Amino acid sequence: MTRQKKIRLLRGCIGAVASFLLSLAWNYTSLSNKLEQLSLDYRQAAFYQQTFPSDKVVYIDIDERTLKNFEPQLGRWPWPRSIYKDVIEHINSGEPKAIMFDILFAGEQKGSDSDSILAETSMNSKNTSHAIQLLPDSSFEGKDFINLPSDYGARFKLNWKNKSDEQLLKDTDFKGNEYHDIALPNSILYNKSLKFHAVNAEKDSDGLFRQMTLLFYYDKVWIPSLSLSALLSFLEKPALAYQKRFLMIYDGDSIKWKIPLNQTGRLSLLFYKNSDNFKVHSFGTILENAGKILKGEVEDPAVLNPNPLTDFKDKIIIIGGSAMGLEDLKATPVSSSSPGALLHATAISNVMNETFLREPLSWLTFLVTFLLVTISYFSILFFEDILMKFVLPMLSIGIYIALSFLLFRYFYVHLNLVSPVMFGFFALIDSFVYMTFTEGQARKKITAALSKYLSPEMTKHMVDNGIDPTAEVGHKKELSILFSDIRGFTGLSEKLPPETVVNLLNEYLEIMTHIVFDNKGTLDKFIGDALMAFWGAPVEDQRHALGATKAALQMSKKLKIINEKWRLAGRPTVRIGIGINTGLV
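Definitions and cut-offs
- Residues numbered from 1 in each chain as written.
- Predicted model: local features only at pLDDT ≥ 70, side-chain atom pairs only at ≥ 80, totals over all residues.
- Heavy atoms only, no water.
- Core = buried A, V, L, I, M, F, W, Y, C linked by side-chain atoms within 4.5 Å.
- Buried < 20%, exposed > 50% of the residue type's maximum accessible area, 1.4 Å probe, protein only.
- Helix = DSSP H or I, 4+ residues; strand = E, 2+ residues; numbered from the N terminus.
- Contact = heavy atoms within 4.5 Å.
- Pairing = 2+ DSSP bridges.
- Polar contact = N/O pair within 3.5 Å; in protein donor to acceptor, adjacent residues only side chain to side chain.
- Axes fitted to C-alpha atoms, helices over the stretch in contact; angles between N-to-C directions.
- Arc of directions from axis to C-beta.
- Salt bridge = Lys/Arg side-chain N within 4 Å of Asp/Glu carboxyl O.
- Patch = residues over 30% accessible without salt bridge, like charges linked within 9 Å, V, L, I, M, F, W, Y side chains within 5 Å.
- Areas by Shrake-Rupley, 256 points an atom, 1.4 Å probe, with all protein chains shown as cover.
- pLDDT = per-residue confidence, 0-100.
- Parallel < 35°, antiparallel > 145°, perpendicular 65-115°, else oblique.
- Left-handed = near helix turned anticlockwise from the far one by under 90°.
- Nonpolar A, V, L, I, M, F, W, Y, C, P; charged D, E, K, R; others polar.
- Phe/Tyr/Trp six-rings, centres within 6.5 Å; stacked < 30°, edge-to-face > 60°.
- Lys NZ or Arg CZ within 6 Å of the ring centre and 35° of its normal.
- Expected span 1.5 Å × (residues − 1).

This part covers the nonpolar core. Core analysis: the biggest nonpolar cluster contains 43 residues, and Ile249, Trp257, Ile259, Ile318 and Ile348 have the highest contact counts within it. The set of elements that each furnish at least two residues to this core consists of strand S1 (57-62), strand S2 (98-101), helix H9 (226-232), strand S9 (238-243), strand S10 (246-251), strand S11 (254-260), strand S14 (316-321) and helix H12 (340-353). Look past the residues within four positions of Ile249 in its chain and what remains in contact with it is Leu228, Leu231, Leu232, Leu235, Ala239, Leu240, Ser254, Ile255, Lys256, Trp257 and Ile259. Among the nonpolar cores identified, the runner-up in size contains 27 residues, and Val58, Ile83, Ile91 and Ile103 belong to it.

Alignment of strand S7 (residues 215-218) against strand S8 (residues 221-224), held across 4 bridges, turns out to be antiparallel. By the bridge assignment, Tyr217 is partnered in S8 with Trp222. Counted along the chain from S7 to the antiparallel partner S8, the turn is 2 residues long, and its residue Asp219 has a positive phi close to 55 degrees.

A separate point is the side chain of Thr128. Following the sequence through the fold, Thr128 ends up in strand S3 (residues 128-135). In terms of polar contacts, Thr128 uses its side chain to reach the side chain of Ser125, at 2.6 Å.

Here we come to the sheet that holds S11. Pairing in this open sheet of 3 strands is antiparallel, and the strands run S9-S10-S11 from one edge to the other. Lying at the two open borders of the sheet, with one neighbouring strand each, are S9 and S11. Neighbouring strand axes in the sheet, compared pairwise and without regard to direction, differ in orientation by 25 degrees on average. Pairing of S9 with S10 involves 6 bridges; the strand directions are antiparallel. The residue bridging Ala239 from the neighbouring strand is Tyr250, located in S10.

Once that is clear, we can look at the sheet that holds strand S20 (residues 576-584). Strand order across the open sheet formed by 4 strands is S18-S19-S17-S20, with antiparallel pairing between neighbours. The open sheet terminates on both sides in strands that have one partner only, identified here as strand S18 (522-527) and S20. Strand after strand, the sheet turns through a mean of 15 degrees between neighbouring axes, direction not considered. When S18 meets strand S19 (residues 530-535), the two strands line up antiparallel, connected through 5 bridges. The residue bridging Leu523 from the neighbouring strand is Ala533, located in S19.

Attention now moves to helix H4 (residues 83-92). Residues of H4 that are buried: Ile83, Tyr84, Val87, Ile88, His90 and Ile91. For H4, the buried positions fall inside an angular range of 165 degrees around the axis, keeping them on one side.

All right, on to unusual backbone geometry then. Following Asn305, the chain continues into Pro306 via a peptide bond in cis, with omega recorded as 5 degrees. Note that Pro306 resides in the loop between helix H10 (283-294) and helix H11 (308-311). If you check the backbone angles, Asp314 has positive phi at about 60 degrees while not being a glycine.

The tally for this structure, following the rule as stated, stands at 19 salt bridges. The partner of Lys330 in a salt bridge is Asp328, and the shortest N-O contact between them spans 3.5 Å. Residue Lys330 is classed as buried on the basis of its relative accessible area of 19%. The buried category is assigned to Asp328, whose relative accessible area is 14%. Glu540 serves as the salt-bridge partner of Lys477, at 2.8 Å between the closest nitrogen and oxygen. With Lys477 in the loop between helix H16 (456-464) and strand S17 (478-486) and Glu540 in the loop between S19 and helix H19 (544-568), the pair connects residues that are 63 residues apart, well separated along the chain. Residue class for Lys477 comes out buried when judged on its relative accessible area of 14%. Ionic contacts of the salt-bridge type, sharing partners, join the residues Asp41, Asp204, Asp206 and Arg210 into one network.

This part covers a nonpolar patch on the surface. A cluster of nonpolar side chains, Phe383, Ile386, Leu387, Met388, Val391, Leu392, Leu395 and Ile399, forms an exposed patch at the surface whose accessible area comes to about 700 Å². You can see Leu392 is positioned in helix H14 (residues 386-411). With a relative accessible area of 31%, Leu392 lands in the partly exposed category.

Below, the discussion takes up the environment of Leu504. Tracing the sequence through the fold places Leu504 in helix H18 (residues 498-518). Residues within four places of Leu504 in sequence aside, it is in contact with Leu496, Trp566, Arg571 and Pro572.

Averaged over the protein, the pLDDT score is 87; the fraction of residues at 70 or greater is 90%. Within the protein, S2 carries the highest mean pLDDT (98), whereas H16 carries the lowest (58).

Turning our attention to the packing of helix H2 (residues 30-46) against H14. Axis separation between H2 and H14 bottoms out at 10 Å; the angle between their running directions is 55 degrees. With respect to each other, H2 and H14 are oriented oblique. Every pair of crossing elements has a handedness; the one defined by H2 and H14 is right-handed. Each of Leu40, Tyr42, Arg43 and Gln44 in H2 lies in contact with H14, whose residues at this interface are Ser404, Phe405 and Phe408. When the residues that make up the contact of H2 with H14 are grouped by side-chain class, the tally is 4 nonpolar, 2 polar and 1 charged.

With that settled, the discussion passes to the packing of aromatic side chains. Applying the stated criterion across every chain, the model contains 21 aromatic pairs. A ring pair is formed by Phe156 and Phe196, whose centres lie 4.9 Å apart and whose planes are at 80 degrees; its orientation type is edge-to-face. One end of the pair, Phe156, is in the loop between helix H6 (152-155) and helix H7 (163-171); the other, Phe196, is in strand S5 (residues 195-198), and 40 residues separate them in sequence. Note on accessibility: Phe156 and Phe196 belong to one class, buried. Between the NZ or CZ atom of Lys161 and the centre of the ring of Tyr250, over which it lies, the distance is 4.8 Å.

Over its 12 residues, H10 extends 17 Å from the first C-alpha to the last, a length consistent with the 16 Å expected when each residue adds 1.5 Å. Here H10 has its buried residues at Phe283, Gly284, Thr285, Ile286, Leu287, Asn289 and Ala290. Packed against the buried residues of H10 are S1, helix H3 (64-74), H4, strand S13 (279-282) and S14. Put simply, Ser282 is the residue that caps the front of H10, since its side-chain oxygen is 3.2 Å from the backbone nitrogen of Gly284. Of the residues flanking the end of H10, it is Gly296, one or two places downstream, whose phi is positive at about 80 degrees.

Right, dumping it as structure tokens:
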């Protein structure tokens, strides 16, 4: 390996290792996470192959039309909670698996029996689950942490396959959010309700909602999210287990769902681009239909739209709101204002359809980054062809970008895109700058120096291959040396004006020098009218004797043409002597 290539190898290794170490540090910065989330958002919005949410999920929406149409009858929001009795009973006529409220009924409605009516209806329906909300800060002055009611753990304890799973889950991923207070339904509803679920949804630092916490650990009790509680309602004997980065949901002894969790212990949501694909019904429509049945205006529910007997059969019913007054609109990668309940509907659908956003292990990102960085450095530093210098690294980066989009589109795999591509380009630019400003300058100097003694082709060959012209110094080597001079040049120069002598000599030596170069010889020096050249160094040439001989014959032949030209111009002609010797030098 030549000295130049050794320097390039060292520079490439140093650059690749430094870039890789920088990428490791970069991956743990908030900016890195933010940019990667933006790239994932783009893939979700533009390249996600359209799939449909589970038809087992139905969303009952308290929308603006509902609030407007029922304001004369029920007044401004919030409405008397007794109205939910008719809605719950109407929905339950279709025998759904669960009715999940995404509305927190916190304080009591004084002066009415609305809370009691809702509580009795919830208890009797047995499939109705009410919302609770965990709060980051205590609402009681002087008290840092608010405990759950003393009976909560016993009444609503989740079933784990074994205690070790619960402990492992507690000790690992689920440490992200710490809560200090909890908002429960009012005491009337709390005392009679059979099921509760957390409706929390945590947004990322940029304000977008991209993930869902399935379990919350509060006051030594595990509280399921709306999404998880709804999934458990489908099973006869639900139980939970935890394996590294997976939440397992069992039905008896068989695994029903294996849910992959991200590095924060949450479910990364795979969004459905068109929210219209969810089965959505207006709360106002359900309330009107319930009234028609109760008043006897409709005897057969099958004529209603939606038909509770078919549209709600074995379904998960989520009751939430998209009206502005309910303040439950969330920004997601695919929508700037999506009802919060649809986040839960998305999570439930992801699990039931088993269409998960899959994230490879972090070491794969580091491996790809190292490969792209290495390819970029060594392509620029070692390929001589300008196209190959850039085509290979650009093609490698392009293939990885295309692969990241294709794997997301068809297999829902989230490959980290920003870090590998950014550092791949960084390596490309860094190596190019090095070659341009370091070796580029050295190349120019070497080319200028060698071009005085070698042909352009041999000069390019030596520079391109990093051949050191001084490498043979101090070593014996077999060469062929040619010496040529003009016979009687001293006497001739005394008879001619100095300027004529100079012109004749320059023309002659230029022509003879070209002959040396054409035969791959090295010009050693000029000694007045004499020319000295050699073959076999610095570029290795096993046929150096032949090259020197051919050059001598061409010089003799060319001299005849020169003399004829000079004779016609009235100039004197010359004779030359040529000597060649081959031996160790």
